[in-house]
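Structural characterization, general
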Amino acid sequence: GVSLVDRSEEDFLSAERKAEKQRHREEGLRSALLEHVSLDLYDADLECPHCHKTGAKYAVVCDTGSVPIDGSSGHKRQKTKKRIHAQCSTCGERWRHDDGWHV
């Protein structure tokens, strides 16, 4: 037999709780798949990971932007790591891309 130590946490849940967890997983997956981001920008140098052609529409979905300078009204650009959603202009492939560190 299988020892209790080797069993997963879900093995100890009731059938109702397992079904609820499965529903949450499926809802999360549907939400992620249906997420639609408006791609309003274009980068002629962005390379598609599928067909390797350049040129893609994209949108920045994660950017921390600028932060206040201590005690003043000025702002400075902090180092950010941008995440973009992109779509190849040639083959239509969609992907997420983490665009390195910026100052």
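Residues numbered from 1 in each chain as written. Predicted model: local features only at pLDDT ≥ 70, side-chain atom pairs only at ≥ 80, totals over all residues. Heavy atoms only, no water.

1. Observations regarding the confidence of the model for the protein chain
Summary statistics for the protein chain give a mean pLDDT of 76 and a share of 65% for residues scoring 70 or more. Taken element by element, the protein chain is modelled with least confidence in strand β3 (residues 66-68), mean pLDDT 50, and with most confidence in strand β1 (residues 41-47), mean pLDDT 93. (pLDDT = per-residue confidence, 0-100. Helix = DSSP H or I, 4+ residues; strand = E, 2+ residues; numbered from the N terminus.)

2. What about the environment of R7?
Take R7: it is sitting in the segment before α1 (15-34). Of note is the side chain of R7, whose polar atom sits 3.4 Å from the backbone oxygen of D11. (Polar contact = N/O pair within 3.5 Å; in protein donor to acceptor, adjacent residues only side chain to side chain.)

3. A look at the nonpolar core
By size, the foremost hydrophobic cluster in this structure holds eight residues: L46, C48, A56, Y58, I84, A86, C88 and W95. Sorting the residues of this core by element identifies β2 (54-62) and β5 (80-88) as the ones contributing at least two each. At three residues, β5 tops the list of elements feeding residues into this core. Leave out the neighbours within four places in its chain, and C48 touches K53, C88, C91, E93 and W95. (Core = buried A, V, L, I, M, F, W, Y, C linked by side-chain atoms within 4.5 Å. Buried < 20%, exposed > 50% of the residue type's maximum accessible area, 1.4 Å probe, protein only. Contact = heavy atoms within 4.5 Å.)

4. With respect to the state of the cysteines
In protein structure, a disulfide is the covalent linkage between the sulfur atoms of two cysteines. Considering all chains together, one arrives at zero disulfides under this definition. Free cysteine C91: the closest other cysteine sulfur is in C48, separated by 3.8 Å. (Disulfide = S-S within 2.5 Å.)

5. With respect to the pattern of salt bridges
Counted by the stated rule, this structure contains three salt bridges. As a salt-bridge pair, E10 and R25 come within 2.0 Å of each other at their nearest N and O atoms. Linking E10 in the segment before α1 with R25 in helix α1, this pair joins segments that are 15 residues apart in sequence. Among the residues examined, R25 registers a relative accessible area of 43% and is labelled partly exposed. Measuring nitrogen to oxygen at the nearest pair gives 3.5 Å for the salt bridge that ties R17 to E20. In this pair, R17 and E20 are both assigned in helix α1, three residues apart and thus about one turn of the helix distant. Take R17: its relative accessible area is 36%, and that puts it in the partly exposed class. (Salt bridge = Lys/Arg side-chain N within 4 Å of Asp/Glu carboxyl O.)

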